[in-house]
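# Descriptive structure summary
The primary structure of each chain is shown beneath.
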Amino acid sequence: MDSPSQNTSLQRLQNVEKRIVRVLELAGGVMEELANPSGPRKELVNNQCGEFMQLIKDIQVTLREEIKSACEYRPFEKCDYIPRISNEICCKKLNYVIAQLDTMQQVVDSYHGTA
């Protein structure tokens, strides 16, 4: 199941794909116009180049936003593994310290018993 944000992200990426196809069509159209034996029509070339540049800019903006959004995605953000392991390690350390203190208490008690 895709979340709504993933769904809209996929839609934006599909739109980018459509724009890329349009960019390629425009580039091909300009190449054909430049190869025209009677010479290129300046207004047509200018219009297609303008649309080409605008689409490239739009594609860059959208991709930049999608990359930024993907970098902010943290699937393990709510994972408690590290704190749980840290707590278990602390418990083991405390048990060791308690055992050492018990041993020290026995030594002190035996010293006071012999004195």
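In what follows, the accompanying structure is described. In this text the structure is predicted, and so the values were computed from the model without any measurement.

### Structural notes on the pattern of salt bridges
Using the criterion set out here, one finds 5 salt bridges in the structure. When the shortest N-O distance is used, the salt bridge between Arg 22 and Glu 25 registers 3.5 Å. Within this pair, Arg 22 and its partner Glu 25 are both found in helix H1 (residues 4-34), separated by 3 residues, close to a single helical turn. Its salt-bridge partner being Glu 51, residue Arg 22 comes within 3.1 Å of it at the nearest N-O pair. Of this pair, Arg 22 sits in helix H1 while Glu 51 sits in helix H2 (residues 42-72); the two residues are 29 residues apart in sequence, bridging distant segments of the chain. On the basis of relative accessibility, which here comes to 33%, the residue Arg 22 falls in the partly exposed class. Linked by salt bridges that have partners in common, Arg 22, Glu 25 and Glu 51 make up one network.

Here is what the cut-offs are and how they apply
- Within each chain, residues carry numbers counting from 1 in the order of the written sequence.
- At least 70 in pLDDT is required for a residue's local features to be given in this predicted model, at least 80 for side-chain atom pairs to be given and counted, and no such filter applies to totals for whole chains, interfaces and linings, which use all residues.
- Side-chain numbers here rest on the full set of heavy atoms in the structure, without hydrogens or water.
- Here, a salt bridge means any Lys or Arg side-chain nitrogen found within 4 Å of an Asp or Glu carboxyl oxygen.
- A helix here means a DSSP run of H or I that spans at least four residues, while a strand means a run of E at least two residues long, and both kinds are numbered starting from the N terminus.
- Note on exposure labels: buried denotes an accessible area under 20% of the residue type's maximum, exposed denotes more than 50%, and partly exposed covers the range between, all computed with a 1.4 Å probe on protein chains only.

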